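# Coordinate analysis (summary)
As a plain string of letters, each chain reads:
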Amino acid sequence: MSGLSLSFDTPQLAQQYEVRSAERQFLHGQRLIAELGVRAGEHVLDVGSGTGLLAEHVAGLVGPTGKVLGIDPLPLRIEIAQRKARPNLSFQVGNAYALGELPAGSFDVVYLNAVFHWLPEKTEPLKQIHRVLKPGGRLGITTGAKDQPNRLQSIKKQVLSREPYARYPEAQAGTPHWVTAQELADLLSGAGFTAQRIEAQANVHHQPDGNTAIAFSQASSFGNFLGHLPESLRSQAIEDIKRELEAFRTPEGIRLEGKRLFAIAHKPASH
């Protein structure tokens, strides 16, 4: 994963993600699953399953005759997810670039919830997902919109453009690789999918303070939020970002407003 490190994750970050994602990523994911129309008996692949909250929800929908497999490249998060395993729900360490061990045409549904932006190169994963889907199978994606960043993302970018942080050429190494709606449409089409729906939806949430906002981003980015900086500079960068965030705090907290892309596509049925 170019520019990203899986080694920054810690048991604490993994556990924080388990708790914090329930308030945000999990809720977005539930809406995605509802739109995908997951049914009893279907086989579903969760790419980037994290600690398995959404996969566990999906396992309840497919029932005992269905099957859900969650994969994630972060062993500490899969360790938490495996506590949720049951006969129709399993997890394993894996990633979107290496689906070769999965049989072609073996899934009815594949989804990436708050994951697509962590894939630097997106064509190969989409092609592999296309291969493992059955003809007529569905793909669901939620991801941040490149042209609609939230306040924390904008402030982080501004702070890292200044000295002494700007002297490090990989200053954006831990930044997600977001796309626009048009770029996503082109990627899906290029991989052989037919897009049914791609739209930018409002993504508004409040964090009580700067510390909480940054902690959420640390957990969500598996420690990559400022991982590219020398350790001696990280604390100061966090303080600089936090100070600017706090300037926007109101009695209801810090409003982080951006856009989230929501996409549903399918693999054309065989003729």
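All of the points below concern the structure found in this document. (Residues numbered from 1 in each chain as written. Predicted model: local features only at pLDDT ≥ 70, side-chain atom pairs only at ≥ 80, totals over all residues. Heavy atoms only, no water.)

When its secondary structure is counted, the protein chain shows nine helices and seven strands. Computed over its C-alpha atoms, the radius of gyration of the protein chain comes to 19 Å, within 12% of the 18 Å expected for a compact globule of 271 residues. Taken over the C-alpha atoms alone, the protein chain extends approximately 60 × 40 × 35 Å along its principal axes. The 271 residues of the protein chain split such that 52% are buried. Surface summary for the protein chain: the accessible area is close to 12100 Å², and the carbon and sulfur share equals 51%. (Helix = DSSP H or I, 4+ residues; strand = E, 2+ residues; numbered from the N terminus. Rg over C-alpha atoms; globule rule 2.2 N^0.38 Å. Buried < 20%, exposed > 50% of the residue type's maximum accessible area, 1.4 Å probe, protein only. Areas by Shrake-Rupley, 256 points an atom, 1.4 Å probe, with all protein chains shown as cover.)

Under the defined criterion, the tally for this structure stands at 14 salt bridges. The partner of glutamate 18 in a salt bridge is lysine 84, and the shortest N-O contact between them spans 3.0 Å. With a gap of 66 residues between them, glutamate 18 in helix α1 (residues 11-20) and lysine 84 in the loop between α4 (75-81) and β3 (89-93) connect regions that are remote in the sequence. Just as glutamate 18 is buried, lysine 84 falls in that class too. For glutamate 246, the salt bridge identified is with arginine 249, shortest N-O distance 2.6 Å. In this structure, a network of salt bridges that share partners links the residues Glu35, Arg197 and Glu199. (Salt bridge = Lys/Arg side-chain N within 4 Å of Asp/Glu carboxyl O.)

We now examine the nonpolar core. Core analysis: the largest hydrophobic core is formed by 28 residues, its most contacted members being Leu45, Val110, Leu112, Leu139, Ile141 and Phe193. For this core, the elements supplying multiple residues, two or more each, are β1 (43-47), β2 (67-72), β4 (107-113), α5 (123-132), β5 (133-144), α7 (181-190) and β7 (254-266). Not counting chain neighbours up to four residues away, the residues in contact with leucine 139 comprise Leu36, Val110, Leu112, Leu126, Ile129, Leu133, Leu188, Phe193, Ala263, Ile264 and Ala265. Ranked by size, the runner-up nonpolar core spans 21 residues in total, among them Leu32, Val44, Ile78 and Ile264. (Core = buried A, V, L, I, M, F, W, Y, C linked by side-chain atoms within 4.5 Å. Contact = heavy atoms within 4.5 Å.)

Moving on, we come to the layout of surface pockets. As a volume, the second largest pocket reaches approximately 220 Å³. Lining the second largest pocket, in full, are Phe8, Leu13, Ile214, Gln218, Gly223, Leu226, Gly227, Glu231, Arg234, Ser235 and Ile238. Elements represented by at least two residues in the lining of the second largest pocket include exactly α8 (210-220) and α9 (231-246). No other element matches α9, which puts four residues into the lining of the second largest pocket. Classifying every residue of the lining of the second largest pocket gives five nonpolar, four polar and two charged. (1 Å grid on protein atoms, 1.4 Å probe; cavity = no way out; pocket = protein on both sides within 12 Å on 5 of 7 lines; lining within 4 Å. Points joined across faces, edges and corners; volume = space filled by probe spheres on them. Nonpolar A, V, L, I, M, F, W, Y, C, P; charged D, E, K, R; others polar.)

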